[in-house]
Amino acid sequence: MTVTPSRTPRANGGTDAAGVRTQDGGETPSGVPAEGEGVDGRAGGSGGSLAPGAGADGRITGITTEIAAGTTVVRPPRDATPASGTDSGTGTGTGTATVTDPAPDPRELPPASGGFLARAALVTAVLSVAGSLLGLVRDQALARLFGAGSDTDAFLVAWTVPEFAATLLIEDGLAFALIPAFSAALARRAQGAPGDPVRALVAGTLPRLSLAFVATGLLAVGLAPQLVGALAPGLSDPALAVDCTRLTATCVVSFGLAGYFSAALRAHRRFVAPAAIYVAYNTGIIAGMFVLGGRWGVRSAAAGVAVGGVLMIAVQLPSLMRQLRKRVGGAGEVAEEPRPLGAAVVASVLLFALCRQSQVLVERFLASDLPSGAISHLNYAQKVAQMPMILSVMVCTVTFPVVARALADGDTARARDRVQRDLAVATCVVLLGTASVVACAPQMIELLFQRGAFTPADTAATAGVMRVYALGLLGQTLVGVLVRSYFSTGRASWYPVGAMGVGILVTSWLGALCVGPWGVYGIAAANAAGITVTALVLLAGTASGPAGRLPRRGLHRTPRSVPLHAAAVLRELARPLAAALAAAPAGAFVADRCAAPAAALAAGTLTVTAVFVLLGRALGAQGVASALRIVRSATGRLPHVRTPRSPRARRSAGPGHPEQPERAAESGEPGRAPRPPR
C-alpha cells in the first residue's frame, strides 16, 4: 500500500518576521517532519497498518498529529466516521490513502524543537545586536555632541531612571513573574480549561499593573529633586539633572507596558517583536538628540527617552493583539475569572531586580565625588563591556518560556537539562567576549568614541575601566542564567534576593575601600567582585538537599529552583575559563603589533576567537561544541545557506543534523521525531 499525504494549510500557520516559523503548520517549527512521516514525506505507521477510521479502499478521513515536549499523539478527528470499505475501520487494501491535516487546536503552541529555538535565538540575537549597536551610536552621539563633562554627568544621573525601569519592568524583573504566569495559563488552555485562561490572566493583571505604572511615574516626576540629591549629592549641576530626570521618568509607564507585552509574546513563542524594542527605543533617543540638541542641549537626550518608550509599545502591540484575538473553547463555555498575579511573586522579582540594579547606584554615588567625567567613563566602559554578556543570555531569553512551560507541565527533568545546556553555551560565549574585551579594549573605545569632545585621555581612562569591568562579565552571565531557574517555578522565591543582597554588600564595602586609592578602577573592581559572589551563592542554592530539593521533616517539598549539580557546573566552567585565560594575552599581543585601530581590533579578535575555540575543543568544553551546533542549526535552514543533499549524505549525517531526524532523536534533541519502522 502506498500512502500519499496531502496537506491542508493550518489556519494559524505562517512565519514570524525574519523567517522564524511560529505556528504548527505541515512541518514542525524546526522543519523536521512530524512523527508518522518519513523524511521523504510518506506517512509512517506500525507495519503499514492504517489508523482507525480507514476503510478497505485505504482512504483516511483525517488524522491529527501533535508533537509537544517530545511526545507524539495520533488522534482521529473528533467528528471522524468510518470511511467507506469496511465497518471495522481497519483496512488492508492496496489503495492510496490521503492524509488531511485539519485545522489545529488553537490551544496548542508550536513545539519548542531544537531548530526552532536555534532560529529564534539567532533572530533575537541579531535584533538585540542591532539594538546594542544603535545604543553605541546613541552613546557616540552623546559623546560627540556633549563630550564627557558636567552636562553628560547630569544626564547620566537622570539615565538611572530608564536603567532601573528597564531592569525592573522589561529584562530581569516583571518578566520573571509574567512569563511563568502566562506559561501556566497556556498549559491550562492546552489541558482544556473552560474559557480562555490567557485572556483571564490579561484581564486580571494588565489594568492593575497599568495603574501602578502611572502612579509610580507621577511619583518619580514629583520627587525628581530628591532623587537627584540622593543619587549624586556631589553633582556640579543638579538643576539640569532634575530637568532630565522629569523627562526620563515618563519611561516608567512606557517600559511597564512594553515589558508586559514582551512577556506575553515570549510565552506564546513570539520573539521578533520583543527583540526589536531596543532598536525602536534607541532610534527615538538618537532622533531626539539630533533634532532638539541645538535648542535643548543634553535635555534632548532625555526627551528622546520618552519618545523611544512609546515606540517600544508600538512595535509590539500589533503582534500581541493578533494573539489575544484568537478564539479558543466553545461558545457555551464559562470563562475563567480574572487571575491577578500573586503579590509575593511580584514583590520577590522586583526586589531582586532592584537589588541587582543597585550596583549602578553604588557606583555613581561613589563616583560623584571624583573629578568631572568619572561617571561618564564608568558609563561608556560598562556599555561596551556588557555586550558579550548581553549576547550570552540571548539563548536564555528564548528558552526561559520553555523552562517555565516544562515546570508548569511537571517535567522537572526537561527543565534541568535545558538550564544546564544554557549554562554551558552562555559561559563559553561570555568568556570569549571577555577575552576579546581585555585584549582589544583601547582599540574598541578609540573606534567607537574618540571624536569630537571625546579626547584620547578619555579613551585611555575608559579602556582601563572597561578591562576591569570585564572581570565581572562571567558573574553577570551566571546570575542571568541561574536566576531564571528560581523564578521559572512561578512562585515567590526570596533566595535570589538574599544572594543579590550579599553581592551588594560586597560591592559597597569594597568600593568604599578602593575608591580612595584607585578611583574609578576601584569602583569597577568592586562591581566585578560583588556580582561574582552573587553568582556563586545562586549556584550553591540550586543544589540544596538531594537533587536540589529542600528536606523538611523527612519529606521533600517543591524545589525552590530547577535542581542542578553545582560541582559538575564548576568543573565544566573551568575548561572555557582556561581557554579564555590563554586567548586574551594572545589577542593583546597581536593587536599591539598593528598601528591602525581597525586593523588591530580585527586581528586581535580573530586571534582570540581562534585560540579560544581550538583550546576549548581540545579541553572538551561542551559549550563550545553546543554553540557551534546552534549556529549550524540556525543557519543551515536559511534558504541562501542550505543546499540539497543526496540520500547517502543524509544517512551519513551525524546526530542532531536537521536532515537526519532519527539520529537527532537518539541525541535527545527535543522536537525531533525518529522515522517509524516500515
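Residues numbered from 1 in each chain as written. Predicted model: local features only at pLDDT ≥ 70, side-chain atom pairs only at ≥ 80, totals over all residues. Heavy atoms only, no water.

**Remarks on the nonpolar core**
If you look at the biggest cluster of nonpolar residues, it comprises 149 residues, and the most contacted ones within it are F182, F255 and M466. In contact with M466, not counting residues within four places along its chain, are A381, V384, A385, V437, A441, M444 and I445. By size, the runner-up hydrophobic cluster in this structure holds ten residues, among which are F116, F271, V402 and A627. (Core = buried A, V, L, I, M, F, W, Y, C linked by side-chain atoms within 4.5 Å. Buried < 20%, exposed > 50% of the residue type's maximum accessible area, 1.4 Å probe, protein only. Contact = heavy atoms within 4.5 Å.)

**Structural notes on the packing of aromatic side chains**
Considering all chains together, one arrives at ten aromatic pairs under this definition. Their ring planes at 20° and their centres at 5.4 Å tell us that F176 and F487 sit as a pair that is stacked. With F176 in helix α4 (residues 174-190) and F487 in helix α18 (residues 473-487), this pair connects stretches of sequence that are 311 residues apart. One exposure class covers both F176 and F487, and it is buried. (Phe/Tyr/Trp six-rings, centres within 6.5 Å; stacked < 30°, edge-to-face > 60°. Helix = DSSP H or I, 4+ residues; strand = E, 2+ residues; numbered from the N terminus.)

**Overview of the pattern of salt bridges**
Once their charged atoms are close, side chains differing in charge can pair, the charge on each being opposite to the other. Tallied over the entire structure, the rule returns eight salt bridges. Each of the salt bridges in this network shares a partner with another, and the network as a whole consists of R189, D196 and R199. (Salt bridge = Lys/Arg side-chain N within 4 Å of Asp/Glu carboxyl O.)

**Comments concerning α4**
Each α-helix turn comprises 3.6 residues. Residues three or four places apart therefore point the same way. Between its first and last C-alpha atoms α4 spans 24 Å; for 17 residues at 1.5 Å apiece the expected length is 24 Å, and the two agree. Burial analysis of α4 places 14 of its 17 residues in the buried class, the great majority of the element. After α4 finishes, the residue G192 shows a positive phi value of roughly 85°. (Expected span 1.5 Å × (residues − 1).)

**So, unusual backbone geometry**
Non-glycine residue R269 carries a positive phi angle of around 60°. Tracing the sequence through the fold places R269 in the loop between α8 (251-267) and α9 (272-275). Overall, the relative accessible area of 9% leaves R269 in the buried class.

**Examining the packing of helix α16 (residues 412-449) against helix α17 (residues 456-469)**
Remark: α16 packs on α17, axes separated minimally by 9 Å, with the N-to-C direction vectors making an angle of 150°. If you check the angle between α16 and α17, you find them roughly antiparallel. Regarding α16 and α17, the two cross each other, and that crossing is right-handed. From α16, V437, V438, A439, A441, P442, M444, I445 and E446 reach across to α17, where they touch T459, T462, A463, M466 and R467. (Axes fitted to C-alpha atoms, helices over the stretch in contact; angles between N-to-C directions. Parallel < 35°, antiparallel > 145°, perpendicular 65-115°, else oblique. Left-handed = near helix turned anticlockwise from the far one by under 90°.)

**Description of the environment of A154**
When you line up the elements, A154 lands in helix α2 (residues 150-158). Distance from A154 to P238, taken between C-alpha atoms, is 6.9 Å for residues 84 residues apart in sequence. Discounting chain neighbours no more than four positions away, the residues touching A154 are L235, D237, L240 and A241.

**What to know about the packing of α4 against α8**
Two elements in contact, α4 and α8, have axes whose closest approach is 9 Å; the angle formed by their N-to-C orientations is 40°. Considered as vectors, α4 and α8 are oriented oblique to each other. Note on packing geometry: the crossing formed by α4 with α8 is right-handed. Residues A175, L178, I179, F182, S183 and L186 of α4 pack against Y260, A263, A264, R266 and A267 of α8. A per-class count over the contact of α4 with α8 returns nine nonpolar, one polar and one charged. (Nonpolar A, V, L, I, M, F, W, Y, C, P; charged D, E, K, R; others polar.)

**Looking at the confidence of the model for the protein chain**
Across the protein chain, the average pLDDT comes to 74, with 71% of residues at or above 70. Within the protein chain, the element-level pLDDT minimum falls on strand β2 (residues 64-68), averaging 35, and the maximum on helix α22 (residues 597-619), averaging 93. Overall, residues 1-107 carries pLDDT values under 50, and its contacts beyond four positions in sequence, including any with other chains, amount to 206 contacts. (pLDDT = per-residue confidence, 0-100.)

**Observations regarding the side chain of R189**
Assignment of secondary structure puts R189 in helix α4. For R189, a relative accessible area of 4% gives the class buried.

**Quick notes on empty space enclosed by the protein**
One way to see where empty space is left: roll a probe the size of a water molecule over the atoms. If you walk through the whole model with that rule in mind, you get six cavities of 30 Å³ or more. Size it by volume and the largest cavity reaches roughly 1,100 Å³. As for the largest cavity, its lining consists of 45 residues, of which E171, Y278, Q386, M389 and I390 are closest to the centre. A total of eight residues in the lining of the largest cavity trace back to one element, the largest contributor, which is helix α1 (residues 114-146). In terms of residue class, the lining of the largest cavity is built from 21 nonpolar, 15 polar and nine charged. (1 Å grid on protein atoms, 1.4 Å probe; cavity = no way out; pocket = protein on both sides within 12 Å on 5 of 7 lines; lining within 4 Å. Points joined across faces, edges and corners; volume = space filled by probe spheres on them.)

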